[in-house]
Each structure stands twice: as C-alpha cells, then as structure tokens.
Amino acid sequence: MSTPLLIRGASQIVTVGGGAPRRGQALADVGVLRDGAILLVSGRIAAVGPVAKVEKLKEAGSAELLELDGRVILPGFVDSHTHLIHAASRAEEYELKIQGVGYEEIARKGGGILNSVGKLRATSSENLKARAQLFLERFAEHGTTTIEAKSGYGLDLTSELKILSLHKELSAEQPLEIVSTFLGAHVVPAEYRHKRNGTREYLKLLEEELLPAVARNRLAEYCDVFCERSAFSLAESRRVLEAGKMHGLRPRVHAEQRSHTGATGLGVKLGAASCDHLEYLKPADIRALAKSGTVATLLPGCDFHLGQKRYAPARKLVEAGAIVALATDFNPGTSPTVSMPMVLALGCTQLCMAPAEAIAAATINAAYSLGRHGRVGSIEAGKQADLAVFEVADYREIPYYFGVNTCWLTMKRGEVIHMRD
Ligand SMILES: [Zn+2]
C-alpha cells in the first residue's frame, strides 16, 4: 500500500458531492468547502471535510502532505464527447470557413469528415497512437482525468477496429481513462456515395460486419449516430441505434446540431445515455429530456470554432430539469480543443450558465452520462482520487480567465499526472 496523502491549504475544495445526476437548482449546488482537507489512501478518497477533523484520522498521522497554498481543487474533469483518434488537423478548412465557404459545401468537395477519413485510413496505428498520446497529455494538463472517445473516421472494418483497439490500448497504457464509443454511422463513406443504394449498403455493412466485430471484441460500450441532413436520417439513425442495442451497446446521439431532425426524441425513446449538440432543440424535446435519464450534452466549443451564433438553450434545459453536461467535442473539423476550462468559459458567457453549474456539468453530470458517477466526478469518500488543482483563489476564476490554462496539478487514482513547474 502506498503512503497516504493529506491535501490541505486549498482556498476552496469544490466537492460537487451529494449524488448524481444534478438537475435544476441542484446543478449550482457544488458544495464548496473552505478550511478543508482531503485524505487519499491507495488511490482513493478516504475522507474529505474540515481540516481539524480529517487531520485527526489515523492514516493522516503517517500521511505525506500536499500543501495547496490557497489554490482551488476540483474533481478532475470528465470530457464526455471527444473524437480523440484522428490523423491530422483541418486548418486549411478553418481558413476556408473564415472566408465564408459553408460546412456543407466543404463536405461536398471531399472535405469535412471524409477528409479526416481518407487521412486516417492512410495512417498507421503507431502514428495515430503517438498523436493521440500527445493530446491525452494535453487533456491532463487542462485538468481532465476521464474522456469518452468515438471512432468514426475509419468507416470500414479495418479502420474502425484500428481506432477502437487504440482506445483500449491507450486506456491500459496511459493514466487517463477512455470510455469507448462506436460511431460507424458518422457519415456515409466516399466509396458508397455514388452508388444508387449506397447508404443502405453501408448500413448493411455496419449491421452485419462492423457492429458484430465491435461487440465480439468488446471494443465499445456505446453506439453513436450523426443524425443530420448531411449524414443519416431519423429512420436510418433508429436502425443504427437499435442494432447497437441488440449488441449491448447503449445509444448516444449527435442530435439537432444544424437542423431539427427529431433525433432527441428518438434518443430519449431508446433510452440513450446522452443526446449531444442540441442547438436546434424544440420545446417538446426539452420537456422530453427533462422527464428522462438521458443527458443533454452541450458542446459550445463547436459553435465557437465555427463562428455560429446559435448555441444550445442551456438555461431552458437547466430550468426544465434536464441533466445538462458540458464537453469539448475535441475533433479536427469543428472543435479542436482539449480545454475544459475554455468550455466552462463558453458555458458561462455563451450558454449563460453560472460557473458552479458549468463545473457540475463538466464533472458529475458528464460522469453520469458515461455511467461512471459511482467512481468519478466528485470529491467524496470512497471515490477514486481523480483531482485537478487550479492556480486561482476562487473557482469562478477558472472560466473568468478564458483562454488561460490555470491548471496547476492533475491527479488520476491518486497519482500526479501533471504538475506545472
Ligand atoms: Zn461529435
């Protein structure tokens, strides 16, 4: 057993304790502790509470000390929507978009997701892994300790399995936990586009070859679909998600991002873990989400990067009682950021969420959407010691200093995985 660790001297311990998921007013109730201490034993949180009380515990006597000198400590961020594995940036499209060329026009010219698919297929597993490893280190530098990662830039059997196998390998070999999602239904791949029944043929491949192979090799927990005009229709999305469920994969949905498709209603009906994006949500969708256990995962980094003025109706979702989470949507086309602190800033300024709400959305509610809320997402006795310390005196300063990474130290299972020199 490793030496216990006593963490003290924080100006604030933002515990986000008290159960999951957080809805309505409870979202802002993040449980800020002053004059507190945290005792870690064997990679777990053994106790958290007033310093005088925690210091009296038996293990605290022999513990090493970590003095935070007035910094703020949070649960490590849970980033519940990323496209981790990709081969290259799409900076050339970024410039085109600034010049006014539309996303769908870029996609028609072989850009967009298909651009990333072409590059990924041509890149070796070793090179993809090395690139992902660098980004995982950057996630940790920004206070993130758990991420979800989607396939979807492979879109054939070999390449999809290549991505999902990398999720598994990386999860075993580096400190961040990676929750794997199969997104074979990202778009219809180029080789099927000019066939008369191309979409139908690709979905047949997905159902008869891709999904069975993913399930057989236990390479994913979730099955996702991009339900949008340029990707898959509502009926096609239902088919994909139902097929995923047959193989034991719970649904997640890319829903209502650029238009209203009804994907949120479908997701709720199928018991999806999460509906993501939601810029074009309708009042009936908000009511359906509020009554359900499906998380509304908002990705403001995507709207920001694309220069879109329409953001998801976060306030209405919170007030209706829906479970709101925030994530980066880290991907090379529409949201190339690993920074949860930046996403918190966008959550506050663009979605009108209070800093406390944004923090709960990026920790405990995101953990809930990944089925990890029993183990991560809050600072409570019994939980894994996944923690992030920020060089600020008040948690509101984390989003306030937008674009500045104030993360000073990150810990996964009690081990320091990032520390600023
Ligand atoms: Zn996405």
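Notes on the structure in this doc start here. As a convention, each chain's residues are numbered from 1 in the sequence order in which they are written. The model is predicted, so local features are restricted to residues of pLDDT at least 70 and side-chain atom pairs to those at 80 or more, both for listing and for counting; the totals for chains, interfaces and linings are taken over all residues. Hydrogens are left out, water is left out, and the side-chain values use all remaining heavy atoms of the structure.

So, the overall build of the protein
Inclusion rule: Segments assigned H or I by DSSP are reported as helices when at least four residues long, segments assigned E as strands when at least two residues long, and all are numbered from the N terminus. In this scheme, a residue with accessible area under 20% of its type's maximum is buried, one over 50% is exposed, and one in between is partly exposed, where area comes from a 1.4 Å probe on protein chains only. Throughout, a contact is declared for two residues whenever any of their heavy atoms are within 4.5 Å. Residue exposure ignores everything except the shown protein chains as possible cover, and the areas themselves are Shrake-Rupley values with a 1.4 Å probe.
A tally of regular secondary structure across the protein gives 18 helices and 18 strands. Each principal axis of the C-alpha distribution contributes one length, and for the protein these read about 75 × 45 × 45 Å. Burial analysis of the protein (421 residues in total) assigns 58% to the buried set. Considering only residue pairs separated by 6 or more positions, the protein has 72% of its internal contacts joining residues 24 or more positions apart. Element-wise, carbon and sulfur atoms account for 51% of the exposed surface of the protein, whose accessible area totals about 16400 Å².

Describing the coordination of the zinc ion
Put simply, the rule is: In this description, a donor is an N, O or S atom within 2.8 Å of the metal centre, a cutoff extended to 3.2 Å for sodium, potassium and calcium. Water is not part of the atom list, which can make sites seem incomplete. Irregular is the label for any site that misses the other tests, which are tetrahedral for four donors with all angles between 85 and 135 degrees, and square planar for four donors or octahedral for six when opposite donors exceed 155 degrees and the remaining angles lie between 65 and 115.
Those donors, His81 (NE2), His83 (NE2), His254 (NE2) and Asp329 (OD), are the protein atoms that reach the zinc ion, and they lie 2.1 to 2.7 Å from it. In this structure, the zinc ion is surrounded by four donor atoms whose angles at the metal cover 77 to 163 degrees, and the resulting shape is irregular. One chain supplies every donor to the zinc ion, and in sequence these donors are spaced H-x1-H-x170-H-x74-D. In this structure histidine 81 comes out as buried when scored by relative accessible area, which is 0%. Judged by its relative accessible area of 2%, histidine 83 falls in the buried class.

Digging into helix 15 (residues 340-349)
Applied cut-off: Whenever a nitrogen or oxygen atom comes within 3.5 Å of another N or O atom, the pair is scored as a polar contact, on the condition that within protein one atom can donate a hydrogen and the other can accept it, and that pairs from neighbouring residues in sequence are kept only if both atoms are in side chains.
When you tally the buried positions in helix 15, you get nine out of 10 residues, the bulk of the element. Of all the positions in helix 15, only Met340, Pro341, Met342, Val343, Leu344, Ala345, Leu346, Gly347 and Cys348 are classed as buried. Of the residues flanking the start of helix 15, the one acting as N-cap is serine 339, its side-chain oxygen 3.0 Å from the backbone nitrogen of methionine 342.

Thoughts on the sheet that holds strand 4 (residues 36-41)
Rule in force here: Only strands that DSSP links by at least two bridges are regarded as paired with each other. Under this scheme, a helix contributes an axis fitted over its contacting stretch, all axes are lines through C-alpha atoms, and angles between N-to-C directions fall in the 0 to 180 degree range.
The strand order across the open sheet formed by four strands is 5-4-1-6, and the pairing between neighbours is mixed. Since the sheet does not close on itself, it has two edges, and those belong to strand 5 (44-50) and strand 6 (64-67), each with one partner. With direction set aside, neighbouring strand axes in the sheet form an average angle of 20 degrees. Pairing of strand 1 (residues 5-8) with strand 6 involves four bridges; the strand directions are parallel.

Here we look at the side chain of serine 237
Relative to the helices and strands, serine 237 resides in helix 10 (residues 234-246). For serine 237, the contacting residues outside a window of four places in its chain are Val225, Cys227, Phe232 and Leu266.

Details of the pattern of salt bridges
Pairs may arise between side chains of opposite charge once their charged atoms sit close together. We count it as follows: The term salt bridge refers to a pairing of a side-chain nitrogen on Lys or Arg with a carboxyl oxygen on Asp or Glu at a separation within 4 Å.
Inspection of every chain in the model, using the stated rule, returns 26 salt bridges. In this structure, arginine 71 and glutamate 391 form a salt bridge, with 2.7 Å as the shortest nitrogen-oxygen distance. One end of the pair, arginine 71, is in the loop between strand 6 and strand 7 (72-75); the other, glutamate 391, is in the loop between strand 16 (387-390) and helix 18 (397-400), and 320 residues separate them in sequence. Relative accessible area serves as the criterion here: at 14%, arginine 71 is assigned to the buried category.

Some details on the nonpolar core
So the rule is basically this: What makes a nonpolar core is a set of buried Ala, Val, Leu, Ile, Met, Phe, Trp, Tyr and Cys residues whose side-chain atoms join them at distances within 4.5 Å.
With 96 residues, the main nonpolar core has Leu84 and Phe182 as its most contacted residues. No other element matches helix 9 (residues 198-216), which puts seven residues into this core. When residues no more than four places from it in sequence are discounted, the contact partners of phenylalanine 182 are Ser151, Glu160, Leu164, Leu206, Leu210, Leu211, Val214, Ala220, Tyr222, Cys223, Asp224 and Leu249.

Digging into the environment of glutamate 104
Relative to the helices and strands, glutamate 104 resides in helix 4 (residues 103-108). Residue glutamate 104 is classed as partly exposed on the basis of its relative accessible area of 27%. In this structure the C-alpha to C-alpha distance between glutamate 104 and arginine 229, which are 125 residues apart in sequence, comes to 9.6 Å. Sequence-distant contacts of glutamate 104, defined by excluding residues within four places in its chain, comprise Arg229, Ser230 and Arg258.

Notes on the sheet that holds strand 16
Read across the sheet, six strands follow the order 3-2-7-16-17-18 without closing on themselves; strand pairing throughout is mixed. Every interior strand has two partners, whereas the edge strands, strand 3 (32-33) and strand 18 (415-419), have only one. Of the pairings in the sheet, the one linking strand 7 to strand 16 comprises four bridges and is antiparallel in character. The residue bridging valine 72 from the neighbouring strand is phenylalanine 390, located in strand 16.

Here's the deal with the pairing of strand 5
Relative to strand 5, strand 4 is paired through six bridges, and the arrangement is antiparallel. Counted as the bridge partner of alanine 37 is glycine 49 from strand 5. Where strand 4 folds back on strand 5, the antiparallel hairpin that results is connected by two residues, among which serine 42 adopts a positive phi of roughly 50 degrees.

Re the pairing of strand 18
Bridge analysis of strand 17 (residues 407-412) against strand 18 gives four bridges, and the strand direction is antiparallel. Paired with leucine 409 across the bridge in strand 18 is methionine 419.

Let's talk about unusual backbone geometry
In this chain, alanine 20 is followed by proline 21 through a cis amide linkage whose omega measures 0 degrees. Counting through the fold element by element, proline 21 comes out in the loop between strand 2 (12-14) and strand 3. With phi around 95 degrees, histidine 277 is a residue other than glycine that occupies positive phi space. Tracing the chain through its elements places histidine 277 in strand 13 (residues 274-277). Among the residues examined, histidine 277 registers a relative accessible area of 2% and is labelled buried.

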